[in-house]
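Each chain, letter by letter, is given below.
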Amino acid sequence: METKVIRMEDRAPVDPSLLSEAAQILRSGGLVGFPTETVYGLGGNALDPGASKKIYAAKGRPSDNPLIVHISRMEELPPLVTEIPETARKLAAAYWPGPMTMILNKSALVPHETSGGLETVAVRMPSDPIANAMIRLAGVPVAAPSANTSGRPSPTTAQHVLEDLGGKIEMIIDGGPVQVGVESTIIDLTEEQPTLLRPGAVTVPMLEKILGPVRLDPVLTKPLGPGIHPKAPGMKYRHYAPRADMILVDGTREQVVSEIRRRAEEAIAAGKKVGIIASEETRGSYSAGDVRSVGTRADEATVAHNLFAVLRQFDADGVDIIYSEAFPDDGIGLAVMNRMNKAAGHHHLRIARDGTETETGGNR
Ligand code: TXA
Ligand code: MG
């Protein structure tokens with residue numbers, strides 16, 4: 001199949017005539033790659049089991065991994081769920097449209113193909129004007145996982161979508177680079193206590209301001225092991241993964257830089273192609289290897305914005321091993337470190353103040 005690419009990099013105002021073809025494709029059961037404020041999505045009609053099956057096939061994704069249903073306005077929510085708890089109303093008022101997904105009990109309207117067999121459904125109202133206008137024009141809720149091949153880093157540009165899904169889907173809307181760069185925050189509201197299933201740009205303090213205490217799903221802090229079962233089925237897969245092995249190095253700035261320098265030189269001497277994930281503040285401290293700054297420590301949102309593109313560049317460069325600086329895990333840093341940990345298969349090197357090193361994970 002030939003994938004038609006339409007260019008809308010000039011984001012606002014969105015010209016609806018350009019989107020009517022995308023809306024028509026969605027209504028007739030086809031697939032469209034489109035920008036959202038978080039990452040690019042691979043959209044299909046959420047109410048059409050056939051469209052959901054096509055999404056799984058195009059991504060090469062296991063069909064027990066449920067899809068997020070995207071809506072364009074509040075009136076589209078009630079038909080999808082059995083009830084809207086007060087917590088959901090409050091969160092929606094505070095953070096929709098925006099980078100937040102809520103898990104609610106699904107109605108019979110949502111097919112099991114879309115919910116991955118679950119009785120719950122993930123719903124999100126994106127703020128991106130192209131996404132919003134496209135969903136509204138389609139007149140159906142849009143199921144959309146990230147528009148990457150399963151197992152690769154999520155796409156933050158239309159070019160990434162084309163690399164992974166070109167020839168497999170009807171259309172890609174190029175809206176330029178996304179704003180946030182990591183996928184939406186997922187909060188489960190189906191149990192007594194609200195539970196964070198995936199950290200994102202709507203941070204824990206932002207959620208707690210509205211909800212009070214939020215529980216963190218145990219998989220967010222620990223590698224998967226016996227007895228640890230993620231509530232978001234997708235969190236059990238090795239997502240966001242570059243092709244190279246990746247090791248996260250944590251310690252004081254000086255310790256991290258000198259350890260990465262030493263290991264990079266060793267690996268290069270052993271004939272390996274080395275990538276280094278640095279920050280604006282440290283990039284100049286490395287002399288060997290393929291050094292890339294992922295953003296500035298002064299504003300971790302910049303790291304979220306660039307992370308997946310940097311991982312994809314290392315793939316394209318054929319790097320064998322990536323040494324990455326670790327970042328603080330507060331605010332959006334929790335989302336950054338969650339994605340970095342997954343990319344590294346939880347391979348971590350921690351250097352204590354006294355120089356003692358602890359290496360964990362690494363056999364993914
Ligand atoms: O930012 C985003 O959320 C992007 C853009 C396109 O909107 N979408 C996205 O979708 O990241 P995806 O499919 O790559 O990730 C969806 C995650 C998976 O980990 C999945 O397991 C979880 O949401 N999920 C979906 N429905 C769920 C449910 N009913 N209960 C628990 N987790 C669910
Ligand atoms: Mg994904």
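Just so we're clear, the structure is a prediction, and the values are computed from it rather than from any experiment.

Now for the sheet that holds strand 2 (residues 32-34). On the basis of which strands lie adjacent, the open sheet formed by 11 strands has the order 1-8-2-3-7-4-6-5-9-10-11 and mixed pairing. Each edge of the open sheet is held by one strand with a lone partner, namely strand 1 (4-7) and strand 11 (215-216). When strand 9 (residues 185-188) meets strand 10 (residues 195-198), the two strands line up antiparallel, connected through 3 bridges. The residue of strand 10 that forms the bridge with Ile186 is Arg198. The strands touched by helix 5 (residues 158-165) are strand 1, strand 3 (41-45) and strand 8 (171-174); relative to strand 8, the strand with the most contacts, the crossing angle is about 165°.

Here the focus is the sheet that holds strand 14 (residues 290-293). Taken together, the 6 strands give an open sheet; going across it, the order is 14-13-15-12-16-17, and neighbouring strands pair in mixed fashion. Each edge of the open sheet is held by one strand with a lone partner, namely strand 14 and strand 17 (357-360). In this sheet, neighbouring strand axes are inclined to one another by 20° on average, regardless of whether the strands run parallel or antiparallel. Pairing between strand 12 (residues 245-250) and strand 15 (residues 321-325): 5 bridges, direction parallel.

Formed by 45 residues in total, the largest nonpolar core has its most connected members in Leu91, Trp96, Met100, Met102 and Ile187. Where this core is concerned, the elements lending two or more residues are helix 2 (49-59), helix 3 (86-95), strand 5 (100-105), strand 6 (120-124), helix 5 and helix 6 (204-211). Top contributing element to this core by residue count: helix 3, with 4 residues. Sequence-distant contacts of Met102, that is, excluding residues within four places in its chain, are made with Ala88, Leu91, Ala92, Trp96, Val121, Ala122, Val123, Ile187 and Leu189. Formed by 26 residues, the second largest nonpolar core is a distinct cluster that contains Phe314, Ile322, Ala343 and Ala344.

One pass over the structure, following the stated rule, counts 20 salt bridges. Across the pair Asp164 and Arg312 runs a salt bridge, and its minimum N-O distance is 2.9 Å. On the criterion of sequence distance, the pair formed by Asp164 in helix 5 and Arg312 in helix 8 (residues 300-317) is long-range, its members being 148 residues apart. Neither Asp164 nor Arg312 differs from the other in exposure class; each is buried. Glu259 is paired through a salt bridge with Arg262; the nearest N and O atoms lie 2.9 Å apart. Of this pair, Glu259 and Arg262 are both found in helix 7 (residues 253-269), 3 residues apart, which corresponds to roughly one turn of the helix. The exposure class of Arg262 is partly exposed, given its relative accessible area of 39%.

The subject of this paragraph is the environment of Ile277. With respect to the element layout, Ile277 can be found in strand 13 (residues 274-278). A residue is classified by how much of its surface remains accessible, and Ile277, at 0% relative accessible area, is buried. Ile277 sits 179 residues away from Gly98 along the chain, and the two C-alpha atoms are 28 Å apart. In this structure Ile277 touches Met246, Arg292, Val294, Val310, Leu311, Phe314, Ile322, Tyr323, Ser324, Glu325 and Met340, once residues within four positions along its chain are discounted.

One frequent convention defines the size of an interface as the accessible area lost when the parts assemble. What the domain assignment reports for the protein is domain 1 (4-220) and domain 2 (245-360). Placing the centre of domain 1 and that of domain 2 at their C-alpha centroids yields a distance of 29 Å. Taken residue by residue, the interface counts 25 residues in domain 1 and 14 residues in domain 2. For the pair domain 1 and domain 2, the two sides together bury roughly 1600 Å², of which 59% comes from carbon and sulfur. When the area that domain 1 buries against domain 2 is broken down by residue, the three leading residues are Pro153, Val182 and Pro199, summing to 32%. Viewed at the interface, domain 2 and domain 1 are joined by 4 salt bridges.

The rules behind the values
- Residues numbered from 1 in each chain as written.
- Chains lettered and ligands numbered in written order.
- Predicted model: local features only at pLDDT ≥ 70, side-chain atom pairs only at ≥ 80, totals over all residues.
- Heavy atoms only, no water.
- Pairing = 2+ DSSP bridges.
- Helix = DSSP H or I, 4+ residues; strand = E, 2+ residues; numbered from the N terminus.
- Contact = heavy atoms within 4.5 Å.
- Axes fitted to C-alpha atoms, helices over the stretch in contact; angles between N-to-C directions.
- Core = buried A, V, L, I, M, F, W, Y, C linked by side-chain atoms within 4.5 Å.
- Buried < 20%, exposed > 50% of the residue type's maximum accessible area, 1.4 Å probe, protein only.
- Salt bridge = Lys/Arg side-chain N within 4 Å of Asp/Glu carboxyl O.
- Domains from an automatic or database assignment.
- Buried area = accessible area lost by both parts, 1.4 Å probe.

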